[in-house]
Amino acid sequence: MENVRRYRALASLCRQQAAYRPLQTWELLGQAEHFEYLAEIELQAHFDACNVHRDKDAAAPETWKAPVAA
């Protein structure tokens, strides 16, 4: 999760710099988009790892038995 914060901070800095550097605006906005993409990948990996861990710890669901008519 620390990497996500770093990537988002870098993306924010790139956007701020783009406002002050008109000749490099598109390059800086492209870098910001790239950092947001990396943050998204990190988040996806984190949640996938959490879900795998939860699935291993979960107990097997009980099977339901249909009542038998008398």
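To be clear, the structure that these remarks concern was listed above.
As the structure is a prediction and not an experimental result, all values here were calculated from the model.

Visitor: Hey, could you go over the environment of Gln16 for me, with residue numbers and the actual values?
Guide: Mapped onto the secondary structure, Gln16 falls in helix H1 (residues 2-20). Counting along the chain gives 16 residues from Gln16 to Ala32, while the straight-line C-alpha distance between them is 9.7 Å.

Visitor: Can you break down the packing of aromatic side chains residue by residue, with the values?
Guide: All told, the structure shown has one aromatic pair when counted by the stated rule. Centroid distance Tyr7 to Phe35: 6.4 Å. Interplanar angle 20°. Geometry classified as stacked. Taken as a pair, Tyr7 in helix H1 and Phe35 in helix H2 (residues 25-57) lie far apart in primary sequence, 28 residues in all. For Tyr7, a relative accessible area of 21% translates into the label partly exposed.

About the cut-offs
Just so you know, the residues in each chain are numbered from 1, in the order the chain's sequence is written. The predicted origin of the model limits local features to residues at a pLDDT of at least 70 and limits the giving and counting of side-chain atom pairs to 80 or more, whereas totals for whole chains, interfaces and linings rest on all residues. Derived side-chain values reflect all non-hydrogen atoms in the structure, with water molecules and hydrogen atoms excluded from consideration. Under the scheme used here, helices are H or I runs from DSSP no shorter than 4 residues and strands are E runs no shorter than 2 residues, and both carry numbers assigned from the N terminus. Two rings belonging to Phe, Tyr or Trp (six-membered ring only in the last case) form a pair when the distance between their centres is within 6.5 Å. Interplanar angles under 30 degrees mark stacking, angles over 60 mark edge-to-face geometry, and anything in between is tilted. Note on exposure labels: buried denotes an accessible area under 20% of the residue type's maximum, exposed denotes more than 50%, and partly exposed covers the range between, all computed with a 1.4 Å probe on protein chains only.

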